[in-house]
Each structure stands twice: as structure tokens, then as C-alpha cells.
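Descriptive analysis of the structure
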Amino acid sequence: MKWICILAVSLLFWLNLNPAHAEVLHLSENHPAPIGYSLSKFVEQERLNASQAYEIYKKGHFTPVSQSISNYGINAKPIWLSLTIESDALEPVNRILHVDNYWLDEVSVFWFNEDKIAHFEHQGDLSLFYQQTTMQPSFNFNYQYPPGKTNVLIRVQTPDPMVIPIYLFNQAEMAQKSAFNNYSYGFFYGAITALLIYNFILFIGLRLKSYLFYSLYLINFLLLHFAYSGHGSLWFWPNSPFWQQWSIPLLMVTFSTSGILFACHFLRLKYQLPTLNRILKSLCIIFPALMLMAVLLQDRILGLIFAFDLMLLFSGLMIVLGVLSLNFGNISARFFLIASISSMLGVAITCLAVWGYIPFNNFTYRAAEVGVFIDVLLLALALTERFRRVENEKTIAEKMANMDPLTRLNNRRAFYQLVEPLFTEEKIQKSASILMIDIDRFKGINDTYGHNFGDTVLVKVAALIRDTLRKDDVLARWGGEEFIIFLPHTQDQEANTLAARLCESIAKLPFSQMQHKVNVTASIGIVTSCSAINQLSMLIDVADKHLYQAKRSGRNQICDGRVSEPSMTG
């Protein structure tokens, strides 16, 4: 065992003195994937210039990178990366060293030929020499590689997450990647902007706060994506390196807080989980205050810690809130929960790709965008579904407000709403009739046989009248045991014929209680419009008077100003 330990220690010591060399890149081959396995790294402890770093490289103190994309976390020390490129061509070959991450503060590249610096470039927010020459959200270094081997040193510095996806492209590959980015980002930004405008217009029109909070959530997401993708620096704040450095953590906080506020309002946590609602709204004050403190102290590391902590908390909270609301019976939480899960999956796929656990490509790297895009789409659907459901509930409530709950007929309020607009037509004013129907001795029926039996009588009589009428006739329960019918385009004779048929049919309805047959009859008052009676209120008053005249004449009668017997009496 002793010899094994000595051998292991010796082997480790030998490996440190003679590190494995990263593979050489040949320009005769295409390299569509990140070239991380061709890189070696050295962590800078004290500031080094390029010549000092190159001497360390020559002494073999650079170690091979074990990931296709280098990832060193938040507040990592500056990193030196080395790369050996070999060209078999007789003439210099142009290639583009493409660093596909725009939030790095500084990227410096040095090309060495025959142990001397042949060329260098500095790009990034901290570089005084950097001016973006192409409208691309990435760092691109063009160089004519001469025949033979060229050693390249790359220095990267940033307190942000140091993720360094590096590619070596020819012009055609670079153009293809740029075209893909342009089209995909164009579609992405266009869709989010359209959703933003649409939902803000809905808020203005409907005055529903859910649409306002959703619009704030969308605009913060859009600004955050502008910041970390680099498009914000290219389009909106090209001459503001201070804002470019602080925009990502600040917008992460505003994005998370706007998402929490939207969730609180959309899921109605104020009513379902009031304590949690207060805690979440407190977070929406505490974290922005902490970020403001970090800005005043000019401590980006502290700001990034606050921002990432809130983002992690926000992502987990959305799923927890969705589950809790679903358990409370909130139907809208279904879409909300699926949306939150899709966002989390997208972010997880991007993280796994960046960390090298799954293949890194355009789709896995931008899976977070896809996940969040699905998230905002599903939330838009959730808002639509909730609005539709609320409108349906309002419609049902309005319908119930206009409906008699026992007989399912229109009530008095609904009768006026339906008939008053019709009665403004001149034709109807000249030829319309009203029938007022009252069930005879209904109080005695209730007192003798009970109110349940009385309700049965009302329901059956209502159904009979409804089934007897024409499509355009309007029937309503006027109150108690009274019903009213409005008959458009109906003269005296037609109204009397209908009233006689109803009287006869009601008297024939089979009722029995406690093995006793119960006879039910009705009295009907009739009025038809004329030059003297041409207002709806007048028609109703006259029909009511005729009804009471029919009842005073012995009941089971119809009366249109003169009493007449129906064809059958009960």
C-alpha cells in the first residue's frame, strides 16, 4: 500500500510538471462545435501582460480545459486560455475567433508567431480600445493565419458568470450563424413585442390589473434578454458601459419582482394565501432595495449574488405557487403551473449545455429562451382562459338575475328588457297583445297541500304556457302565481283564441296529492294595443284590470274588457 501511495503521488507530481497538451486545431478542417477541448487554461492570480502569460504557457503551467465550453462561475479570477492553430496552406487563411457571450467585461486576444506578438485586439466594456465594428451580440476576432503554427492567448475577465463558448469559424460558417441568430432573434423579439402591445391594449380597454402586471412582466423579460444577449448594448445603450455592466443584475431583479407581482395578482393569493401574499410582496421591496445598496456601494459581486438568489427563488416559487393554487381549486393555476415548469426546463437544459453535461449547440444553448417564450405564451393563454371564464360567469350571473329560479322563466326585470325595445316599433304598437294569467285560489293550494306541491303546480303551469307559445312571444313570471305574455303582431281574436286554449289546457293538467285529485284553473286578462292604449305600461295596467275582472266573475275565465266563458270550465 505504501508503494502504491508513493507511486500515485509521483504520478500526480509528474502530471503537474508535464500536463497533457490540448489538441491542435487544423484550419483544413471545419469546427462547427465549440473548441473548448482544444484550449488550455491558467488562472491569473496577479495581473499579467501577454508576454508574461506566454512565458508561463511555454513552461507548461497551462492545464487542458475539460469542457467544450469553459465555465468558471460568478466572480472568477481572470482566465488565460491558450490555443494552437496550424495551417497547411501556402497562403494566409482568414478565420474568425468567435466568443458567443456578450456579457464578458473584457476579452483580449494575442497572436504569437515565432514567440513574438504578431497582433492583438481588446474587446469588451472595460476595454478603452474597443469599438464594435459589426452589429453582432458577440466578440469576433478576424485574423489571417500564416502557414505553420500560431499560438493564441486569450484573456477573459468579468465578475458575471464566466461562461466562454469559443468557436473558430470561416466566413461562410460565421454568415450562417449570424443569419440564424438574426432570424431567430427577430422572430423572438417580434412575438414578445406583439404580446406586450396586445396585452397592454387589453389593459387600457378592460382596466384589468392582471393585464398590466403581465405587460410589466413581458417588458422586463424583453429588457433582460436585450441585456444578456448583447442586443441592448448594440441598439439601446451603445455608449453606456456602466449600464451594460449593471443592467443584467438590475433587470434580473425587476424581472423577478414583476413576475412575483403578476403571480400574486393572477393567482389571487390575497384571498387564498394572504400571509404568503404579504411575504412575496415584501420580497418585491427588499430585493430591489438590496440591489440599490449594491449599486451605491459599486459592488457588482454583491449585486449579482442578490440577483441570482432572487432568480433561483423566483423560479422555484412559481412552481410552488402553481401547485398551492391548484390545490385551492384555482382553475387558472393549471396553465400557470405548466408555464413555470416549461421555463424551469428550458433554463435547466441551457445550464446543462453550458456545463458540458449535454451537447452544446444553438438549440440547447438557447433552450432557456424557448422555455421562457413558452412560459409567456402559456401565461397569455391563462389570462385569456381566465377572462373567458369570468365573462361566462358574468353572463350566467346576468342570466340568473333575469330568470325566475323556480320556473326558469324570465322575471319581471327581464320582461321589460326584452319587450321595451320591441315596443318602440310602430308596427308592434298597433298590433300587440298582452295576457296576464293568474292561478286560481293558489294560496288555498299552498295552505292545503303544502308549498312543495304549490311549487310543482307553478312549474307545470309555466312549462305548459311556454310550450304553447310561438317563438317570438315573450313569457315571464310576473310574481307569485302570476304570469305575463307579450304577443307581438297579435290582434284581439288571436289573443282570445290563445287565452281560451291556455285556460282549457291548464284545467286539464293532472294533479294529485295524498291520493286526491287536485283541480287547478287559471284566470286570464287580455288587452290589445290601439290608438288609445299604445304604451307598454298602459297595456300592462289594462291587462291587470281585466284579469281581476275575470277573477271577480267566478275565475277560470278570460276577459278582454267583457267577461266570456272558456270552452271548458273547471
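Use the structure listed above.
All values derive from a computational prediction rather than experimental measurement.

Each value, and the rule that gives it
Residues numbered from 1 in each chain as written. Predicted model: local features only at pLDDT ≥ 70, side-chain atom pairs only at ≥ 80, totals over all residues. Heavy atoms only, no water. Buried < 20%, exposed > 50% of the residue type's maximum accessible area, 1.4 Å probe, protein only. Salt bridge = Lys/Arg side-chain N within 4 Å of Asp/Glu carboxyl O. Helix = DSSP H or I, 4+ residues; strand = E, 2+ residues; numbered from the N terminus. Polar contact = N/O pair within 3.5 Å; in protein donor to acceptor, adjacent residues only side chain to side chain. Contact = heavy atoms within 4.5 Å. Pairing = 2+ DSSP bridges. Axes fitted to C-alpha atoms, helices over the stretch in contact; angles between N-to-C directions. Phe/Tyr/Trp six-rings, centres within 6.5 Å; stacked < 30°, edge-to-face > 60°. Lys NZ or Arg CZ within 6 Å of the ring centre and 35° of its normal. Left-handed = near helix turned anticlockwise from the far one by under 90°. Nonpolar A, V, L, I, M, F, W, Y, C, P; charged D, E, K, R; others polar. Parallel < 35°, antiparallel > 145°, perpendicular 65-115°, else oblique. Expected span 1.5 Å × (residues − 1).

Not every positive phi belongs to a glycine, and Asp115 is a case in point at roughly 65°. A relative accessible area of 46% means that Asp115 is categorised as partly exposed.

Turning our eyes to something else, we now look at the pattern of salt bridges. A complete count under the given rule lists 13 salt bridges for this structure. Note that Glu106 is salt-bridged to Arg155, the shortest N-O span being 3.8 Å. Of the two residues, Glu106 is situated in strand S7 (residues 106–113) and Arg155 in strand S10 (residues 148–157); the sequence distance between them amounts to 49 residues. With a shortest N-O distance of 3.2 Å, Glu504 and Lys508 are connected by a salt bridge. Here Glu504 pairs with Lys508, and both are found in helix H17 (residues 492–508), just 4 residues apart, close to one helical turn. Taken together, the shared-partner salt bridges connect Glu44, Glu106 and Arg155 into one network.

Looking now at the side chain of His98. Summarising the element assignment, His98 is placed in strand S6 (residues 93–99). Engagement of the side chain of His98 in a polar contact is seen with the side chain of Asn140, the distance being 2.6 Å. With sequence-adjacent residues up to four places away left out, His98 is seen in contact with Ser138, Phe139, Asn140, Pro165, Ile166, Tyr167, Phe169, Met174 and Lys177.

Attention shifts here to the sheet that holds S6. Judged by pairing direction, the sheet is antiparallel, and its 3 strands sit side by side in the order S9-S6-S12 without closing on themselves. In the strand order of this sheet, the two ends are held by strand S9 (139–145) and strand S12 (166–169), each with one partner. Neighbour to neighbour, the strand axes of the sheet diverge by 20° on average, direction disregarded. When S6 meets S9, the two strands line up antiparallel, connected through 7 bridges. When the bridges of S9 are listed, Val93 appears paired with Tyr145.

Using the criterion set out here, one finds 36 aromatic pairs in the structure. Aromatic pair Phe415 and Trp478: ring centres 5.6 Å apart, planes at 85°, arrangement edge-to-face. Of the two residues, Phe415 sits in helix H13 (residues 412–423) while Trp478 sits in strand S14 (residues 474–479), which places them 63 residues apart along the sequence. By relative accessible area, which is 0% here, Phe415 ends up buried. Among the residues examined, Trp478 registers a relative accessible area of 9% and is labelled buried. Positioned above the aromatic ring of Tyr167 is the side chain of Lys177, whose terminal nitrogen or guanidinium carbon lies 5.3 Å from the ring centre. Its end group placed over the ring of Trp478, Arg412 keeps NZ or CZ at 4.1 Å from the ring centre.

This part takes up the packing of helix H16 (residues 451–468) against H17. With their axes 11 Å apart at the nearest point, H16 and H17 run at an angle of 145° to one another. Both H16 and H17 take part in a crossing whose hand is right-handed. Counted together, Val461, Leu464, Ile465 and Thr468 of H16 and Leu498, Arg501, Leu502, Ser505 and Ile506 of H17 form the full contact between these two elements. Per-class residue counts for the contact of H16 with H17 are 6 nonpolar, 2 polar and 1 charged.

Look at helix H3 (residues 171–206) against helix H12 (residues 367–401): their axes get within 12 Å of each other, and the N-to-C directions meet at 25°. Here H3 lies roughly parallel to H12, going by the angle between them. Considering the relative orientation of H3 and H12, their crossing is left-handed. Mapping the contact onto sequence places Tyr185, Phe187, Phe188, Ala191, Ile192, Leu195, Asn199 and Leu206 in H3 and Glu369, Phe373, Val376, Leu377, Ala380, Leu383 and Phe387 in H12. A breakdown of the residues in the contact of H3 with H12 according to their chemical character gives 13 nonpolar, 1 polar and 1 charged.

The subject of this paragraph is the environment of Ser38. Within the element layout of this structure, Ser38 appears in the loop between strand S1 (25–26) and strand S2 (39–43). For Ser38, a relative accessible area of 3% gives the class buried. Sequence separation between Ser38 and Leu383 is 345 residues; the distance between their C-alpha atoms is 49 Å. Discounting chain neighbours no more than four positions away, the residues touching Ser38 are Ala22, Glu23, Leu25, Ser82 and Leu83. Within polar-contact distance, the side chain of Ser38 engages the side chain of Glu23 at 3.2 Å.

Moving on, we come to helix H4 (residues 209–229). Taking 1.5 Å per residue, 21 residues should reach 30 Å; H4 reaches 30 Å between its end C-alpha atoms and fits that length. The element H4 is extensively covered by neighbouring structure, given that 15 of its 21 residues are classed as buried. Note on H4: the residue one or two positions beyond its end, Gly230, has a positive phi of about 95°.

Nothing here speaks to function; it is geometry throughout.
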